[in-house]
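Each chain is listed here by its residues.
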Amino acid sequence: MMSVLLSVAGSTAATAHVKWFCAYDLVGSPRGLGEVLCSDLEKLIGLSLLALMVGGLLEGTVLGAALTRSLDRTTAWARDNTELLFRAVCGAFFVSLWTLGGIILTPELKTANAAISWFQLAIAAGFLWRRTMPLSALGIVVLFATAVREYGAFHLADYPVFLGVAAYFALTGLGRSLPGGIRPLDVVRYTAAITLMWASVEKWAYPQWSFPLFVEHPAMTLGFSGEYFMKAAGAVEFALAFALVCTPLVRRIAAILLAATFVSAIFEFGKVDAIGHAPIIVAMVAIAADNATAPYRLRNLALTPVGYGAALAAFIGLYYGAHAMLQGTSML
């Protein structure tokens, strides 16, 4: 079973954003919680937690220290040029949106407002100078608010990472951090974790959205049923997303795995996936390169199951509760 879980972690379907490639219906009822919280999912969640615990234990060993030093050496260039990477990749991202036209931030958010495209080009231009980065950040927030107005808050709950990227550019451009020593990159990390955990629950709630992809690309499921595969893909993605808020080595390894799956999805799904995932890929690279340290405490390891369980319950409850409140559907 562990080999299955690791295979799914490397699968392109685990991180392909299904709304960009298949029909979806957010108004329709999600799978009932009684169907989602089955024995298969419980086993997959247990294996995911075991992997997190093993990673946490490894961090406090000689091998963990050696891995950290190796990561520090191999990611030195990305760490020294994190701001440049964000500016270049996000600049190219918004130029691509301007070129394509009719899109607000992500491929499925369509708009007939031609001014949006030119606004996105202006955002890209703002990344050329540090002084204008806060203006580009404000532009991203305006685009996000526009998308919320047109598509609703529930739909945009898929993308809080854009607000994290906006905060990164605003804080970096102003040369500031948030209270409590929260750095600009930390904000990106937290919002990326929220984005991916929410997306994981959506895989469990609406697995049928991905089934057409499995017809076109049957090898994705690794020989398993679509239902089981989506449970496993969601479990892997949730664990890796939760790992982004864990201890330094664990979150760096999680970021590497996530970046690898996002990049591998590009070869399967092409330019649309490359453009849509560009901001989160550069965020994962930056997190993998981040050499911020924290004291190793066994207490943190002991609290991992509590935090993981709380996050799982919170995101499932929030997703189903929000859907029931906004769409009038049942949670059961």
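Below you will find a few notes about this structure.

Procedures and definitions
- Counting of residues starts from 1 at the beginning of each chain's written sequence and follows it residue by residue.
- It should be noted that, the model being predicted, local features are given only for residues of pLDDT at least 70 and side-chain atom pairs only at 80 or more, the latter also being counted only at that level, while totals for whole chains, interfaces and linings use all residues.
- Excluded from the side-chain calculations are hydrogens and water; all other atoms, namely the structure's heavy atoms, are used.
- Secondary structure is summarised from DSSP: a helix means a run of H or I of at least four residues, a strand means a run of E of at least two, and numbering begins at the N terminus for each.
- Here the globule rule reads 2.2 Å times residues to the power 0.38, and the radius of gyration is calculated from C-alpha atoms.
- We call two residues in contact whenever any of their non-hydrogen atoms come within 4.5 Å of each other.
- Method for areas: the Shrake-Rupley scheme with a 1.4 Å probe, in which residue coverage is limited to the protein chains shown.
- By salt bridge we mean one thing: a side-chain nitrogen of Lys or Arg within 4 Å of a carboxyl oxygen of Asp or Glu.
- Working definition: with a 1.4 Å probe on protein chains only, accessible area under 20% of the residue-type maximum means buried, over 50% means exposed, and in between means partly exposed.
- Helix span, expected: 1.5 Å multiplied by one less than the number of residues in the helix.
- Of all possible arcs, the one meant is that of the directions from the helix axis to the C-beta atoms.
- Exposure above 30% relative accessible area and no salt bridge define the residues that can form patches, which grow by joining like charges within 9 Å and nonpolar side chains of Val, Leu, Ile, Met, Phe, Trp and Tyr within 5 Å.
- Using protein atoms alone on a 1 Å grid, points that fit a 1.4 Å probe yet trap it form a cavity, whereas open point sets bounded by protein on both sides within 12 Å along at least five of seven lines form a pocket; residues with an atom within 4 Å of a point count as lining.
- Grid points are joined across faces, edges and corners, and a volume is the space filled by probe spheres set on the points.
- Think of it as three bins: nonpolar holds Ala, Val, Leu, Ile, Met, Phe, Trp, Tyr, Cys and Pro, charged holds Asp, Glu, Lys and Arg, and polar takes everything else, Gly as well.

The next subject is the overall build of the protein. The helix and strand tally for the protein stands at 16 helices and two strands. Whereas a compact globule of 332 residues would reach a radius of gyration of roughly 20 Å, the protein reaches 19 Å, a difference of no more than 12%. Structurally, the protein occupies a C-alpha span of about 50 × 50 × 35 Å along its principal axes. Within the protein, counting contacts between residues at least 6 apart in sequence, those at least 24 apart form 77% of the total. Of the roughly 14,400 Å² that the protein leaves accessible, carbon and sulfur atoms contribute 69%.

This part is about the environment of A322. With respect to the helices and strands, A322 occurs in helix α16 (residues 298-327). Once residues lying within four places of it in the same chain are set aside, the contact partners of A322 are F154 and G317.

All chains considered together, the criterion is met by 11 salt bridges. K231 serves as the salt-bridge partner of E227, at 4.0 Å between the closest nitrogen and oxygen. Here the residue E227 and the residue K231 both occupy positions in helix α13 (residues 226-243), the gap between them amounting to four residues, near one helical turn. Taking the relative accessible area as the measure of exposure, K231 reaches 15% and is therefore buried. Residues joined in a network through salt bridges with shared partners are R31, E35, E227 and K231.

Moving on, we get to helix α6 (residues 82-100). The terminal C-alpha atoms of α6 lie 27 Å apart, and with 19 residues this matches the ideal 27 Å at 1.5 Å per residue to within 8%. All of the buried residues along α6 are T82, E83, F86, R87, C90, G91, F93, F94 and L97. Around the axis of α6, the buried residues are gathered within 160° of arc, so they sit on the same side. Exposed positions of α6 whose direction lies more than 90 degrees from the buried face are T99 and L100. One or two positions beyond α6, positive phi appears at G101, with a value near 75°.

Nonpolar side chains collect at one region of the surface, where F119, L138, V141, V142 and L163 lie side by side and expose about 380 Å² of accessible area between them. If you tally residues by element for the nonpolar patch, the top one is helix α8 (residues 133-151), at three residues. Considering the arrangement of structural elements, one finds F119 in helix α7 (residues 114-126). What makes F119 partly exposed here is its relative accessible area of 31%.

A few words now on empty space enclosed by the protein. For the structure shown, the criterion picks out three cavities of 30 Å³ or more. Its boundaries defined by the atoms lining it, the second largest cavity holds a volume of some 50 Å³. Together, R31, E35, V36, K203, W204, P207, E227 and K231 line the second largest cavity. Of all the secondary structure elements, the ones that give two or more residues to the lining of the second largest cavity are α2 (33-36), α11 (184-205) and α13. Its residues placed into classes, the lining of the second largest cavity shows three nonpolar, no polar and five charged.

Geometry only, nothing functional implied.
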